[in-house]
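# What the coordinates show
Spelled out from the first residue to the last, the chains are:
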Amino acid sequence: MLFPTIDFAIFFALVFVAHWLLNPGSKQWKLFMIAASYVFYGWWDWRFVFLLAGVTVASQAGAELIHHTRHEPRRRMLLAITLTVILGVLGWFKYYGFLALNVSNALHVFGAHSPLPLLQVALPIGISFFTFMAISYVVDVYRGRLEPAGWLDFAVHLSFFPHLVAGPIVRGGELLPQIRAPRDPRRIDYSRAAYLIFGGLFKKVVISSFIATAIVDPVFGTPGQHTALEILFAIYGYAIQIYADFSGYTDIAIGVALLLGFEFPQNFDAPYTARSLQDFWRRWHMTLSRWLRDYLYIPLGGSRGSEWQTYRNVMITMLLGGLWHGAAWTFVAWGGIHGGGLAVGRWRRQRRVAAGLPAQADRPVDRVLQRVATFHLVCLGWVFFRADSLGTAFEMLGRLVSAFGPAPAVTPLVVFVIALMVAVQHLPKELPARVQDGFSQLRPAAQGVALAATLFAITSLGPQGVAPFIYFRF
Amino acid sequence: MATRIEPRRTFRSPTLRPSLAGRRDPLRPRRRVGPAGRVVVIGTVCFVLWGLLAAPALRRAAETAPLGLRRTAALAVLRPLSRLSSLLALDRMQTGVDAALGRHDPGATALPPGDVLPSPALPAHPSSGPRPRGSPPARSNPNGTPAPAATSGPLTVGSAPSLPAPTEAGRLRVLIVGDSIGADLAMGLARLLDGKGGYVTKMDARQATGLARPDYFDWERQVAVDLQRFQPDLVVAMFGANDDQGFLVGGEGEAFGTADWQRVYGQRVARIMAEVTASARPLLWVGMPPMKSDGLTAAMRTVNAIFRAQALAHPGVLYLDPWVALAGPRGHYAAYLPNASGQEELVRAADGVHLTASGGARLAASVFTAMRTLWAPPSPSPSHAPTPSSPPSSGPPVQTSPEAPLGVPGLAGRQG
């Protein structure tokens, strides 16, 4: 079920009323919320509901066994088994086809046949998100940071529909206490929720759709027909499209959860204002970056070893982070660009510190240059992220420096929307809060009218029918 | 550190009665937080008012949805809402916004006049087809003989849609129209032609469209607009992935695949073919490939049979069977297929319907081979008629077909 649809509006209206009538935190509420979330998930393909249930059972059983086992080697073995099951599910559905294809073609070079049959395995929506949540839960229980939740609590935690298919990746320590305790129906921050939901809808339905149709899809589809300037703006456009699409989704998810009395962690913080790649990853898909840090980078050794080991760990983390997005070499290249960029950034900072300089130059002109450079480095990564093959990505980059000519696809409106979406990220953070404050002071009828006008503007400016969110594929 | 389990509390304190007024947020004094009832009131006002404002668009979306219970239920709600919106003159807002944005809904139209049942047998060359909106410049074929008169009227049997071989100086204008799977082909074909030089390509492929629901998007009209605007020398069309659905004819629902459905659908295909070929412009019609779902594959066989029959009835139309390029060895759906060097490629998207970039390129290679027959004399040489044991260097291995004229595998049609 897509958020920007009538289906979801009806679903949520029913769930909202039942949710508050059932006294959140009660057993009936938990059963209801599991059922509602499974309906939400099964709307795409009911068969994958069993997959979600299976991951829930395996993770919870593993966590319970780990928690009740004192013998450390046995605990470690139980952890390994549980993670193998969860990662096995992810690997089968997401990576089997990629692996089998590459093994087959590698062996073909030597005239051998692959033992792996080529199968096209259907990818369950959101599998990367709920398996990552399950992994963090099991590992937190193993590390003693979390007590195993009750079966119903964990089932709600993993399947809770606002975060189910595209995050944010919420940890057990954040959501489970909220599931256990009743929510207060008198203190809903509806102003913030409305701001997030309607702002998210605008970003997804209007901005992302427009930029995709106007320049990104045509240029990435047939780069050979476009000039350098069109390719440049298509790359900028994709940076805006994916931000509007993904942050729009998570804003709606956070807003919907707020209306149900739940607080999700922030997932984006003006990412295109970042002054370095390290800074970018503190602002972009924040719940994924901290997951990668805590459950991959640090277990690999983090920065505790030698410098080279640290660079290696950064690179492994980002390459696997790239592969998390999709089973294709383009995503590996994207991870490699970010891993390489992070390693070089770290090396430069350490050289400056060793020379007695601040880690990062901080004059106004430096800040501008750092932001521009970081944005363009991120855009370089987006070329590989969006292109359907490495060949297309390199063709785009090649034409960027060779195919000079007129650029009819770069319309004033395209330039304006891209510039606007970069500019709004530099607005003071207090501004949205003030808008929400003002909205909260209105009477209910006036608030309803204001939201109706906003919704009308969104549906009028957007296309008929909304494309699925980009991150649903991951 | 273990998570602390908070004690259960309830919020049914007698001193705090439910109220719509809201309360101040202790952390942010200017922010009022409110009860769930207030959210219900705000949401109800919002959606009722929005429904009235957007009623025309909502009603149209419901009317053009696939036939069935969902559409019926939606219309049962939206028709009275639309009438109320009209009564209150709130529908003018949507009309005004659409006019301001220059949205005149060019694609959608009322059902074409040809959609009438019962219908007589389809004429081979419908004389009632739309008149040509534009004619490509007269060109000579490679042999120097003049092309047949290309100014008006449908091609007749015996006329050849001859085209000169494209060069950088005399570029061939290729229009590619279709649905979303047509877009996959269009992307592959445009890339292929870009690499070869001598072509100007124009794509008009639209998601979720087809020929079954002209009330949702009218391709007959859109093709006429594209011909007028782009003035192509050659048109490539690929429709059908969304056409396994019923439609309304004279207010009556017609289920997919019935004899009347096929007759009406065939008329629509015929009108597009007539429109394109009316100006001696060749049309290369690409059928639908096998799908992962057996039911959808059967539906695609149905529409392909219609495409093939209409292509045979319309001189100047070539029909290309994509089964040859995209089916597995036994003619079934195949997600992976070997390329010319024997390396496996993923050719179908995860949905089991669309093509990957490799699949689009593979089909485009077949289309290009068919295109070349329009300006090159048929030749039995291996480069024109590849066999499974000697696949073409630029395309997929293909099978010869007894129906294939001109030595082009999978190709059916009449070239006079």
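Fair warning: this is a prediction, and the values are worked out from it, not measured in the lab. (Residues numbered from 1 in each chain as written. Chains lettered and ligands numbered in written order. Predicted model: local features only at pLDDT ≥ 70, side-chain atom pairs only at ≥ 80, totals over all residues.)

## Concerning the overall build of chain B
The cut-off we apply is this: Only DSSP runs of H or I covering at least 4 residues are called helices, and only runs of E covering at least 2 are called strands; the numbering of each starts at the N terminus. Counts of 20 or more other C-beta atoms within 10 Å of a residue's own C-beta define buried residues, counts of 12 or fewer define exposed ones, and intermediate counts define partly exposed ones; C-beta atoms are placed from the backbone. C-beta atoms are first placed from the backbone for all residues, and any pair lying within 7 Å is then listed as a contact.
A tally of regular secondary structure across chain B gives ten helices and twelve strands. Across the 416 residues that make up chain B, the buried fraction comes to 44%. Expressed as a percentage of contacts within chain B between residues at least 6 apart in sequence, the contacts between residues at least 24 apart total 71%.

## Digging into the overall build of chain A
Our working definition: To get the radius of gyration, use the C-alpha atoms; to get the globule rule, take the number of residues to the power 0.38 and multiply by 2.2 Å.
Helix and strand counts for chain A come out as 18 helices and zero strands. Here the C-alpha radius of gyration of chain A, 23 Å, is about what a compact globule of 474 residues would show, namely 23 Å. Viewed in the frame of its principal axes, chain A has a C-alpha envelope of about 65 × 65 × 55 Å. For chain A, the residues scored as buried account for 47% of the 474 residues in total. Considering only contacts in chain A between residues 6 or more positions apart, those separated by 24 or more positions represent 73%.

## A few points about the domain arrangement of chain B
The condition that has to hold: Boundaries between domains were set according to an automatic or database domain assignment.
Along its sequence, chain B is organised into domain 1 (33-100) and domain 2 (172-413). Counting from both sides, the interface comprises four residues of domain 1 of chain B and, opposite them, six residues of domain 2 of chain B.

## Let's talk about the packing of helix α18 (residues 444-461) of chain A against helix α1 (residues 36-53) of chain B
To be explicit about the condition: The convention used is that axes are lines fitted to C-alpha atoms, helices contributing only their stretch in contact, and that angles between N-to-C directions extend from 0 to 180 degrees. The labels follow the angle: roughly parallel below 35 degrees, roughly antiparallel above 145, roughly perpendicular from 65 to 115, and oblique for the rest. Working rule for handedness: look at the near helix, and if it is turned counterclockwise from the far one by less than a right angle, call the crossing left-handed; if clockwise, right-handed. Gly counts as polar in this scheme, as do all residues outside two lists: the nonpolar Ala, Val, Leu, Ile, Met, Phe, Trp, Tyr, Cys and Pro, and the charged Asp, Glu, Lys and Arg.
Where α18(A) meets α1(B), the closest approach of the two axes is 7 Å, and the angle between their N-to-C directions is 40 degrees. When the axis of α18(A) is compared with that of α1(B), the two are oblique. For the element pair α18(A) and α1(B), the recorded crossing hand is right-handed. Contacts between α18(A) and α1(B) involve Pro444(A), Ala445(A), Gln447(A), Gly448(A), Val449(A), Leu451(A), Ala452(A), Leu455(A) and Phe456(A) on the former and, on the latter, Arg38(B), Val41(B), Ile42(B), Val45(B), Cys46(B), Leu49(B), Trp50(B) and Leu53(B). For the contact of α18(A) with α1(B), a count of residues per class yields 14 nonpolar, two polar and one charged.

## Quick notes on the domain arrangement of chain A
Residues and elements named next belong to chain A. Each assigned domain of chain A is listed with its residue range as follows: domain 1 (6-180) and domain 2 (190-426). Computed over C-alpha atoms only, the centres of domain 1 and domain 2 are separated by 26 Å. Contact with domain 1, which involves 22 residues of that partner, is made by 20 residues of domain 2. Those elements giving two or more residues to the side of domain 1 that touches domain 2 turn out to be α1 (6-21), α4 (72-109), α5 (127-142) and α7 (172-180). Ranked by residue count, the leading element in the side of domain 1 that touches domain 2 is α5, at five residues. For the side of domain 1 that touches domain 2, the residue count by class is 13 nonpolar, seven polar and two charged.

## Topic: the environment of Gly462(A)
All names here are of chain A. Of note, Gly 462 is situated in the segment after α18. Its 19 C-beta neighbours within 10 Å are what place Gly 462 among the partly exposed residues. The spatial distance from the C-alpha of Gly 462 to the C-alpha of Val 206 is 4.6 Å, given a sequence separation of 256 residues. Apart from residues no more than four positions distant in its own chain, Gly 462 is found in contact with Val 205, Val 206 and Ser 209.

## Here's the deal with the environment of Lys30(A)
Residue and element names in this part refer to chain A. Inspection of the secondary structure assignment puts Lys 30 in helix α2 (residues 27-42). Measuring from C-alpha to C-alpha, the distance between Lys 30 and Phe 154 comes to 9.8 Å, with 124 residues separating the pair along the chain. Each residue touching Lys 30, except ones within four places of it in the same chain, is listed here: Leu 152, Asp 153 and Val 156.

## Describing the packing of helix α8 (residues 190-221) of chain A against helix α9 (residues 228-259) of chain A
Residue and element names in this part refer to chain A. With their axes 7 Å apart at the nearest point, α8 and α9 run at an angle of 155 degrees to one another. Comparing their axes, α9 and α8 come out roughly antiparallel. α8 and α9 meet at a crossing whose hand is left-handed. The residue inventory of the contact of α8 with α9, partitioned by class, reads 24 nonpolar, eight polar and six charged.

## A few points about the interface of chain A and chain B
On the side of chain B, 50 residues touch chain A, which itself brings 54 residues to the contact. For the side of chain A that touches chain B, the elements supplying multiple residues, two or more each, are α1, α4, α7, α8, α17 (430-441) and α18 of chain A. Of the residues forming the side of chain A that touches chain B, the biggest block, eleven residues, is contributed by α18(A). Grouping the amino acids of the side of chain A that touches chain B by side-chain chemistry returns 22 nonpolar, 23 polar and nine charged.

## Quick word on α4(A)
Here is the rule: Multiplying 1.5 Å by the residue count of a helix minus one yields the expected span of that helix. Each residue is assigned a bend, namely the angle between axes fitted to the seven residues that terminate at it and the seven residues that start at it.
Counted at 1.5 Å a residue, the expected span for α4(A) with its 38 residues is 56 Å, but the 46 Å between its end C-alpha atoms falls short. Helix geometry: α4(A) is bent most strongly at Tyr95(A), by close to 65 degrees. Of the positions making up α4(A), those classed as buried are Leu78(A), Leu79(A), Thr82(A), Ile86(A), Lys94(A), Gly97(A), Ala100(A), Leu101(A) and Ser104(A). Residues of α4(A) that are buried in the fold lie against α3 (48-67) and α5 of chain A together with β10 (336-338) and β11 (344-346) of chain B. Looking one or two residues past α4(A), Gly111(A) carries a phi angle of roughly 75 degrees, positive in sign.

## Some words on the pairing of strand β3 (residues 172-178) of chain B
Residue and element names in this part refer to chain B. Quick note on the threshold: DSSP-based pairing: two strands are paired if at least 2 bridges between them are found.
Within β3, six of the seven residues are buried, which leaves it mostly tucked inside the rest of the structure. Where β3 and strand β4 (residues 199-205) come together, seven bridges link them in parallel fashion. Residue Val 177 lies in a different strand from β4, and its bridge partner there is Asp 204. The pairing of β3 with strand β5 (residues 234-238) spans five bridges and is parallel. In the strand pairing of β5, Val 174 is matched with Leu 234.

## Quick look at the confidence of the model for chain B
All names here are of chain B. Rules: Values of pLDDT, ranging from 0 to 100, describe the predictor's confidence in every residue of the model.
On average, chain B scores 74 in pLDDT, and the residues at 70 or more come to 70%. Put simply, strand β12 (residues 411-413) is where chain B has its lowest mean pLDDT, 50, and β5 is where it has its highest, 94. Here residues 1-19 is a poorly scored stretch, pLDDT under 50, and it has 26 contacts once near neighbours within four places are set aside; other chains count. Counting contacts from residues 116-160, a segment whose pLDDT is below 50, to residues more than four positions away or on other chains yields 85 contacts. In the predicted assembly, ipTM is 0.82 and pTM is 0.81.

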